[in-house]
Amino acid sequence: MRLAVTTAAWLGALALAGAATAAGIGANDDTGKFAPDGGARFFSQMSGVGLKQSVMTVRFLPSDPTTIPDGEALDQAIPIAQLAGLRVTLAVYPYPPSQVEDGTARPGPFAAWLRQLAQRYPTVKQYVVMNEPNQPAFLRPQFDKRGANVSAARAGRFLAAGYDALKGVDPTIRVIGLGLSPRGNDRPSAVDNVSTSPVRFLEALGAWYRKTGRTRPLMDGLSFHPYPYRATDSPDKRYRWPNAGFANLDRIKQAFWDAFRGTAQPTTATGLKLYLDEVGWQVDTRGLKGYTGLENVPVTDPRTQARVYSRLVHMASCDGQIAEVNIFGFYDDAPRGSGFQAALNEVDGTPRPSAGAVRAAIAQSGCTSKRVVWLPATRVIGATRPDWFIRPDRTVVRFDAAADEGASVVACLLTGSLGGAAAERAMKARTPKTPGCTGGEALPARPVHIRLERTDLVRSVTVAVRLVAEGSEKRSSTFSRTYR
């Protein structure tokens, strides 16, 4: 990433990176909560692998707003998990989405329910509030009739209410926000799965937050679910813009910074941590006992999964801005089609190779390769000086305007010889509709092809192009060249 930062900021970030400790590795799984022994065997097995935390789900039912679902099971499981040495995190959100959509679910009752939950379990000091609100399976609608995102604002209202409620019970409770899905199609008119990409969801959330004038944060940490696009992908494989996976965490950090910089909400540049609360590579379970149905997605094999999980532990250990990584599932779900089979153990608790691989990776403790040092970009990421082509008769100039993120492009022929700063000032007021200008929208691997034709051959002209980052109008890059 191309960065423009102060020396002091660089030194501060490098100091933080050098002092970073290994991310906490855990599992997101409700199996122990429902076990006949209260999870004693389950949580002991988790500790034996070296896991540090257990994430359990508690859903707020809008039609029954004072009930804590599975409360008796939680009463038993939470202390057993903590006695096993695990930090307990409760993942909370309103459900079902139909009751969010019809208005039955409201932030006020949700906040009251959270206060009740925090008072019932005073030893639980960490909550993930909301779950994949950029997906229609958890929050609807995603867009209004004009095609504008509305899910971010709705999620923001629940998150703000939840943050204030939990801090009101105990200021030391850590509120982790959102649990974003790694993908979304950003298509309001899609036939199905009308969803929002994580980058554009964060942009919309930041716009809503600024509009409210809120002076308190929304969250103490950002939860993101960096599942692979396919379980056959390596953790190094990047998603296409504007989605993001484990290899695109820089994209999530930048989007969050663009959305919230200069507000009361900290970003990863000012101390916020990432909580990767769900991640998993599904494996082939054919021929194994205890499973039902047919698999409906590509899967990997157990040994490849083990190598991937070991690599994830090491990658997270090298990024001081990652606080936790939680594998989705410590035991597999039994149904193949509707469940998830990415756990460290088969459905009956038989360990997979990944259990030993994760144990060994955790035991190494700390970064064993190059540390990740991320700082926010202040210009358009990946924007570089174009390879100008000027026709021999000097009447036509052609070039491609490209970037590594979404960016708007304006290109113009300016009269006279203008240096870099002068060209940048002149371009700020121009649009593709300005006479002598053109433009478009650039995406990674999809540049804007520019052709400008000159009519005045008497004076010098400057060809200039300005790119503005999709996520922030404050990040722009301008390039120019003068010719006669």
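Structure's up top.
Residues numbered from 1 in each chain as written. Predicted model: local features only at pLDDT ≥ 70, side-chain atom pairs only at ≥ 80, totals over all residues. Heavy atoms only, no water.

Caption draft 1: A look at the pairing of strand 1 (residues 24-28). Strand 1 sits mainly inside the fold: five of its five residues count as buried. Side chains of strand 1 alternate between two faces, with Gly24, Gly26 and Asn28 and Ile25 and Ala27 buried alike. Pairing between strand 1 and strand 8 (residues 322-328): five bridges, direction parallel. Paired with Gly24 across the strands is Glu324, a residue of strand 8. In the sheet, strand 1 pairs with strand 2 (residues 53-60) via three bridges, with the strands oriented parallel. Bridge pairing in strand 2 links Ala27 to Ser54. (Buried < 20%, exposed > 50% of the residue type's maximum accessible area, 1.4 Å probe, protein only. Helix = DSSP H or I, 4+ residues; strand = E, 2+ residues; numbered from the N terminus. Pairing = 2+ DSSP bridges.)

Caption draft 2: Broad picture of the packing of helix 10 (residues 302-317) against helix 11 (residues 353-364). Contact geometry of helix 10 with helix 11 gives a least axis separation of 8 Å together with a crossing angle of 20°. If you check the angle between helix 10 and helix 11, you find them roughly parallel. For the pair helix 10 and helix 11, the sense of crossing is right-handed. Contacts between helix 10 and helix 11 involve Pro302, Gln305, Ala306, Tyr309, Ser310, Val313 and His314 from the former and Pro353, Ser354, Ala357, Val358, Ala361, Ile362 and Gln364 from the latter. Classifying every residue of the contact of helix 10 with helix 11 by side-chain character gives nine nonpolar, five polar and no charged. (Axes fitted to C-alpha atoms, helices over the stretch in contact; angles between N-to-C directions. Parallel < 35°, antiparallel > 145°, perpendicular 65-115°, else oblique. Left-handed = near helix turned anticlockwise from the far one by under 90°. Contact = heavy atoms within 4.5 Å. Nonpolar A, V, L, I, M, F, W, Y, C, P; charged D, E, K, R; others polar.)

Caption draft 3: Summary view of the packing of aromatic side chains. Following the criterion strictly, the structure yields 18 aromatic pairs and no others. Seen from their ring centres, Phe42 and Phe43 are 5.4 Å apart, and the 80° between their planes marks the pair as edge-to-face. In this structure, Phe42 and Phe43 share a single accessibility class: buried. Residues Phe110 and Phe158 carry aromatic rings whose centres are separated by 5.6 Å and whose planes lie at 75° to one another, so their mutual orientation is edge-to-face. (Phe/Tyr/Trp six-rings, centres within 6.5 Å; stacked < 30°, edge-to-face > 60°.)

Caption draft 4: Here's a closer look at the pattern of salt bridges. For the structure on display, the rule yields 24 salt bridges. The partner of Arg140 in a salt bridge is Glu101, and the shortest N-O contact between them spans 3.3 Å. Linking Arg140 in the loop between strand 4 (126-129) and helix 7 (151-169) with Glu101 in helix 5 (residues 97-101), this pair joins segments that are 39 residues apart in sequence. For Glu101, a relative accessible area of 40% puts it in the partly exposed group. A single network of salt bridges, built from pairs that share partners, joins Asp30, Lys33 and Asp70. (Salt bridge = Lys/Arg side-chain N within 4 Å of Asp/Glu carboxyl O.)

Caption draft 5: A look at the environment of Ala269. Locating Ala269 in the fold gives a position in the loop between helix 9 (249-260) and strand 7 (273-279). Taking C-alpha positions, Ala269 is 16 Å from Gly471, a pair spaced 202 residues apart along the chain. Look past the residues within four positions of Ala269 in its chain and what remains in contact with it is Trp257, Trp374 and Pro376.

Caption draft 6: Layout of the sheet that holds strand 13 (residues 448-453). Taken in spatial order, the three strands of this open sheet run 9-10-13, and their pairing is antiparallel. Of all strands in the sheet, those with a lone pairing partner are strand 9 (389-390) and strand 13, marking the two edges. Bridge count between strand 10 (residues 396-401) and strand 13: six bridges; the pairing is antiparallel. The residue bridging Arg398 from the neighbouring strand is Arg451, located in strand 13.

Caption draft 7: Representation of helix 12 (residues 420-427) within the structure. Those residues of helix 12 that fall on the buried side of the exposure criterion are Ala423, Ala426 and Met427. Down the axis, helix 12 shows its buried residues gathered within 95° of arc, on one side only. (Arc of directions from axis to C-beta.)

Caption draft 8: Spatial organisation of the state of the cysteines. Scanning the model with the defined rule gives two disulfides in all. One disulfide bridge connects Cys318 with Cys367, the sulfur atoms lying 2.0 Å from each other. Because the torsion about its S-S bond is 95°, the bridge between Cys318 and Cys367 counts as right-handed. In this pair, Cys318 sits in the loop between helix 10 and strand 8 while Cys367 sits in the loop between helix 11 and strand 9, placing the two residues 49 residues apart along the sequence. For Cys318, a relative accessible area of 2% corresponds to the buried category. Note on cysteine connectivity: Cys412 is disulfide-linked to Cys437, with sulfurs 2.0 Å apart. Linking Cys412 and Cys437, the disulfide has an S-S dihedral of approximately 110° and is accordingly described as right-handed. Separated by 25 residues along the polypeptide, Cys412 in strand 11 (residues 407-415) and Cys437 in strand 12 (residues 437-442) bring together distant segments of the chain. Take Cys412 and Cys437: they sit in the same class, and that class is buried. Bonded cysteines in the protein are paired 1-2, 3-4 when counted in the order they occur along the chain. (Disulfide = S-S within 2.5 Å.)

Caption draft 9: Just the nonpolar core, in detail. Counting 90 residues, the largest nonpolar core has Leu51, Leu90, Val92, Leu117, Tyr127 and Val358 as the members making the most contacts within it. No other element matches helix 7, which puts 10 residues into this core. Not counting residues within four places of it along the chain, the set of residues in contact with Leu117 comprises Val58, Ile68, Leu90, Val92 and Tyr127. The next biggest cluster of nonpolar side chains, apart from the first, holds 23 residues, and it includes Ala383, Leu413, Leu452 and Leu467. (Core = buried A, V, L, I, M, F, W, Y, C linked by side-chain atoms within 4.5 Å.)

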